[in-house]
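# Fold and geometry: a report
Listed below are the residues making up each chain.
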Amino acid sequence: MSKPTDTNPETKSSALCGPAGWSTCAIISLVLLRLAIGWHFFCEGKKKISYNAVTGEREINIPSEMLFGRAVGPFADFFKSRLPDFHQWEELLAQPRQIIPQSEEDVAKAVRWQAVYERDRKKANEERKIYEAQFPPTAPYKEWAEQIVEDWREIQAEVVAIKGLSDEQKAAAADALQRRHLQLADFLQTESQDITEWQHELWRLDQWEEKPGAEDIPFREERIAQKRAETTSAGRRWVNEVEGIQRGLFQDWRVLVPAAEDGSEPALVTKINAELEDSKSRNLRRMNLLVTCVILGAGILLLLGLFTRFAAAALIVFLLMVMATQPPWVEGASLQFFYYQLVEVAALGVLIATAAGRFAGLDFFISKCCGGKKK
């Protein structure tokens, strides 16, 4: 007697291809999609890691500062708040201010202040003392400069509080701060006129945005956004110069401790470096490391077909965060990668919905060990 033949198409499909209803072509397509996405993110993760031949260390290269700094839309403030702001320069220096001619009384006050300032400074030089620098009361950079010095003093207090520093080293730290304070005051004073004109340009942009009837000008919003980005970024010139002064100050504090005979970094220098590191810079570096691990790790998991849903979900969260920095409905948003990333999100969604790691992946064995549950 011949055995009965099972003519149920779903049974045949299950026996040949896996779950009922799945064709061989569909399974092959899912496997190829998973491998392609996994390889893509694995390669992207590898590119984030580079070798520094000078230091002999591996470095993480992710343009988070540029990505967050150019963020637009409803989440722009959130992303920008995660960036090192260098003493709140965008809030205190990049302020729109109209140039208003000074009255004769104001001019006379400024002249008297400058005369007293130069007299006291000359006297301090004659007595071989470091002069306590000051900023002109009407200087366009005064609020920012005072914030810088206040932050420097807070860091200095943390440095001199380190156990092991002698009284002479603490005094040298204070002298270094006074010298850099004076250097900062001299530099900003020479740039005062340029900063004033730059702030006036920011004010003109504000007036342009608020001008009645200007909505009819073609591409008005885009042109304003572009012009504002260019004008605001121009302020980086002064920020970069002041960053150089700050690096000099930090180096002054580092050399307070003599170098070790064996060339290694003394323990006190390590402690000083820890106090000099900006908390936001440290957090940004940690975030870059986390993002690299997510991209690289998720790519490997997808290639192996292991914990596929978890890996795909992690990548979706990452991509959505990047896409949120440039919402397509916001004027001035850069859409160079948005739709490309949207396709990636959709593809990752397919991997989650189909549990694609069960096909030619390690999730197949996990599902068997768990009683056939989908992973």
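### Looking at the overall build of the chain
If you tally the helices and strands in the chain, you get 16 helices and two strands. When the 375 residues of the chain are sorted by exposure, 35% land in the buried category. Surface accessibility of the chain: about 22800 Å² in total, with carbon and sulfur atoms responsible for 57%.

### Topic: the confidence of the model for the chain
Mean pLDDT over the chain works out to 81, with 83% of the residues at or above the 70 mark. Within the chain, helix α14 (residues 308-324) carries the highest mean pLDDT (94), whereas helix α1 (residues 9-17) carries the lowest (42).

### A few points about a nonpolar patch on the surface
On the surface, a cluster of nonpolar side chains totalling about 430 Å² of accessible area is made up of Ile300, Leu304, Leu362, Phe364 and Phe365. Of all the elements in the fold, those that place two or more residues in the nonpolar patch are α13 (279-304) and α16 (363-369). Here Phe364 lies in helix α16. Classification of Phe364 as partly exposed rests on a relative accessible area of 36%.

### So, the packing of aromatic side chains
For the structure shown, the criterion picks out nine aromatic pairs. Each ring, one from Trp113 and one from Tyr117, has its centre 5.0 Å from the other, and the planes form 10°; the classification is stacked. On the criterion of helical spacing, the pair formed by Trp113 and Tyr117 is a turn pair, its members being four residues apart in helix α6 (residues 104-126). In terms of burial, Trp113 and Tyr117 fall into one category: buried. Relative to Tyr339, the ring of Phe338 lies with its centre 5.2 Å away and its plane at 85°, an arrangement referred to as edge-to-face.

### What about the environment of Ala234?
Its place among the elements puts Ala234 in helix α10 (residues 220-234). The exposure class of Ala234 is partly exposed, given its relative accessible area of 36%. The sequence separation of Ala234 and Trp198 amounts to 36 residues, and the corresponding C-alpha distance is 8.2 Å.

### Re the packing of helix α2 (residues 24-47) against helix α15 (residues 338-354)
Between α2 and α15, the shortest axis-to-axis distance is 11 Å and the interhelical angle comes to 130°. As summarised for this structure, α2 and α15 are arranged oblique, according to the angle between their axes. Between α2 and α15 the crossing geometry is left-handed. Between α2, through Leu30, Leu33, Arg34, Ile37, His40 and Phe41, and α15, the contact on the second element is made entirely by Tyr340, Glu344, Ala347, Leu348, Val350, Leu351 and Thr354. The class makeup of the residues in the contact of α2 with α15 is nine nonpolar, two polar and two charged.

### Describing unusual backbone geometry
Glycine aside, residues mostly have negative phi, and peptide bonds are mostly found in the trans state. A positive phi is found at Gln88, a non-glycine position, where the angle reads about 60°. Topologically, Gln88 is positioned in the loop between α4 (76-80) and α5 (89-92). The exposure class assigned to Gln88 is partly exposed, which follows from its relative accessible area of 28%. Positive phi, close to 50°, is recorded for Phe307, a residue that is not glycine. Mapped onto the secondary structure, Phe307 falls in the loop between α13 and α14. Residue Phe307 is classed as partly exposed on the basis of its relative accessible area, which comes to 46%.

### Concerning the nonpolar core
Judged by nonpolar contacts, the single largest core of 46 residues is most densely connected at Trp89, Tyr141, Trp144, Leu184, Leu188, Val242 and Trp253. Put simply, the parts of the chain that give this core at least two residues each are α5, α6, α7 (142-160), α8 (167-190), α9 (192-210), α11 (236-254) and α12 (267-276). Sort the elements by how many residues they give to this core and α8 lands first, with eight residues. The contact partners of Trp89, leaving out residues within four places of it in the chain, are Ala94, Trp144, Trp198, Thr232, Gly235, Arg236 and Val239. By size, the runner-up hydrophobic cluster in this structure holds 24 residues, among which are Ala311, Leu315, Phe338 and Ala356.

Criteria and thresholds
- By convention here, each chain's residues receive numbers from 1 onward along its written sequence.
- Residues qualify for local features only when their pLDDT is at least 70, as the model is predicted, and side-chain atom pairs are given and counted only at 80 or more; totals for whole chains, interfaces and linings, by contrast, use all residues.
- With hydrogens and water stripped out, all remaining heavy atoms of the structure feed into the side-chain values.
- Here a strand is any run of E in DSSP of at least two residues, a helix any run of H or I of at least four, and the numbering for each starts at the N terminus.
- Classification of residues uses two cut-offs on accessible area relative to the type maximum, computed with a 1.4 Å probe and protein chains only: under 20% is buried, over 50% is exposed, and between them is partly exposed.
- Computed with a 1.4 Å probe, the accessible areas rest on the Shrake-Rupley method; for each residue, only the protein chains presented here act as cover.
- Residue-level confidence of the predictor is summarised by pLDDT, bounded by 0 at the bottom and 100 at the top.
- For patch detection, residues must exceed 30% relative accessible area and be free of salt bridges, and they are connected within 9 Å for like charges or within 5 Å for nonpolar side chains (Val, Leu, Ile, Met, Phe, Trp, Tyr).
- Here a salt bridge means any side-chain nitrogen of Lys or Arg lying within 4 Å of a carboxyl oxygen belonging to Asp or Glu.
- Working definition: rings of Phe, Tyr and Trp (its six-membered ring) pair if their centres are within 6.5 Å, and the pair is stacked with planes under 30 degrees apart, edge-to-face with planes over 60 apart, and tilted otherwise.
- Only the stretch in contact is used when fitting a helix axis, every axis being a line fitted to C-alpha atoms; angles between N-to-C directions are given from 0 to 180 degrees.
- Orientation labels follow simple angle bins: below 35 degrees gives roughly parallel, above 145 gives roughly antiparallel, 65 to 115 gives roughly perpendicular, and whatever is left gives oblique.
- Helix crossings are classified by the rotation of the near helix relative to the far one: an anticlockwise turn of less than a right angle makes the crossing left-handed, while a clockwise turn makes it right-handed.
- Any two residues whose heavy atoms approach within 4.5 Å are treated as being in contact.
- The nonpolar class holds Ala, Val, Leu, Ile, Met, Phe, Trp, Tyr, Cys and Pro. Asp, Glu, Lys and Arg form the charged class, and all remaining residues, Gly among them, are polar.
- Among buried residues, the Ala, Val, Leu, Ile, Met, Phe, Trp, Tyr and Cys ones that are joined through side-chain atoms within 4.5 Å form a nonpolar core.

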